[in-house]
Amino acid sequence: MASGDRVTRMGWNMPRWKELPASLDQRVGQFVVQLRRFKDRSGLSLAALAAKTSYSRSSWERYLNARQLPPREAVEELARVCGTDPARLLVLHELAAEAWTEAAAAADREGRDAGAAPAVPAPGEEELRETRRRMWLFVAAVTVLVVALAAGLLAARPWEDDEPRSDGPPAAGTPSPFVFVQGRSRPCHVERRDGALVAGYSPTRTVLMDLKSSGWEVLEAQCLLRHHGFDPGLIDGSYGERSKEAARNFQKAKGLVVDGIVGPDTWGELRR
């Protein structure tokens, strides 16, 4: 197998893909790796993927080779084609968009410092120009969040894939790494599937959670608690005192043991 057929930088191991640039931000790299896994899981060629979505073959080629950041809608369509909930991938897309914006701002500053003229998009790159325009709208908000984001990333190290590595493609349902960002709330879209309530972050019915727990399962429980009318506070994936108090009140209302620890019995009621 040629050296370009496998991505190995920073522990990533993905078959049949070109190696990502060494200069690529780790947040963007982690997102692209997960995007490639979704595409591999679909079993579709780029042409077939284009036929099933609103985006062209060339657009998907740029997205999957980290030459252009896909819009949020493209991420949602890819998840739909794969039959997978997009919630986790959208979290990584948000972080990648911030990194992409920071890189664009840095390149612009370097260009001004060097007295360079503004870059003119090459013909046929309207999509790229539109993406950059949208990203500039985030610059003001990103500036405020950079310090908190950097601290969260250093603590969580989301670029390190903690899954077992193998020579084959990842198995279906391979989890994405959880990224905790202080003070940031995540969206909740609770719906009923196969008779059970789900928020799309975790399918668990057994994981035990108590104070200082964090992860996708905590996000799932927080969304379900709020759906049942028990406010857990910020939906951030961190199980703190506010979330535990909401769990206690929920357990009391359902006639369960009131200890604030989410386990199989509490999950069973949350899914009803």
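This text goes with the structure placed above it.
Summarised in this report is the structure supplied together with it. (Residues numbered from 1 in each chain as written. Predicted model: local features only at pLDDT ≥ 70, side-chain atom pairs only at ≥ 80, totals over all residues. Heavy atoms only, no water.)

Side note on the pattern of salt bridges
Link 1 in the chain: Counted under the stated rule, the structure contains 16 salt bridges.
Link 2 in the chain: The partner of Arg-80 in a salt bridge is Glu-77, and the shortest N-O contact between them spans 3.8 Å. A residue pair is termed a helical-turn pair when its members lie 3 or 4 positions apart in one helix, as Arg-80 and Glu-77 do in helix H4 (residues 72-82) at three residues.
Link 3 in the chain: On the basis of relative accessible area, Glu-77 is assigned to the buried category, the value being 16%.
Link 4 in the chain: For Glu-191, the salt bridge identified is with Arg-193, shortest N-O distance 2.7 Å.
Link 5 in the chain: Taking the relative accessible area as the measure of exposure, Glu-191 reaches 38% and is therefore partly exposed.
Link 6 in the chain: A single salt-bridge network, built from bridges that share partners, covers Glu-94, Glu-98, Arg-184 and Arg-186. (Salt bridge = Lys/Arg side-chain N within 4 Å of Asp/Glu carboxyl O. Helix = DSSP H or I, 4+ residues; strand = E, 2+ residues; numbered from the N terminus. Buried < 20%, exposed > 50% of the residue type's maximum accessible area, 1.4 Å probe, protein only.)

A closer look at the packing of aromatic side chains
Link 1 in the chain: For the structure shown, the criterion picks out six aromatic pairs.
Link 2 in the chain: Seen in terms of ring centroids, Phe-178 and Trp-216 are 5.3 Å apart; in terms of plane orientation they differ by 80°. Their pairing is edge-to-face. You can see Phe-178 sitting in the loop between helix H7 (139-156) and strand S3 (191-193) and its partner Trp-216 sitting in helix H8 (residues 216-227), a full 38 residues away along the chain. As far as the burial class goes, Phe-178 and Trp-216 line up, both buried.
Link 3 in the chain: Between Tyr-201 and Trp-216, the ring centres sit 6.1 Å apart and the planes meet at 10°, which makes this aromatic pair stacked. Remark: Trp-216 occurs in helix H8 and Tyr-201 occurs in the loop between strand S4 (196-198) and H8; sequence separation between them is 15 residues. In this structure, Tyr-201 and Trp-216 share a single accessibility class: buried.
Link 4 in the chain: Sitting over the face of the ring of Phe-38, Arg-41 holds its NZ or CZ atom 5.1 Å from the ring centroid. (Phe/Tyr/Trp six-rings, centres within 6.5 Å; stacked < 30°, edge-to-face > 60°. Lys NZ or Arg CZ within 6 Å of the ring centre and 35° of its normal.)

A look at the state of the cysteines
Link 1 in the chain: Within this structure, the stated rule accounts for one disulfide.
Link 2 in the chain: Disulfide pairing is shown between Cys-188 and Cys-223; the S-S distance is 2.0 Å. Judged by the sign of its S-S torsion, about -80°, the cystine formed by Cys-188 and Cys-223 is left-handed. Placement of the pair is Cys-188 in the loop between H7 and S3 and Cys-223 in helix H8, with a sequence separation of 35 residues.
Link 3 in the chain: According to the relative accessible area criterion, Cys-223 is buried, its value standing at 1%. (Disulfide = S-S within 2.5 Å.)

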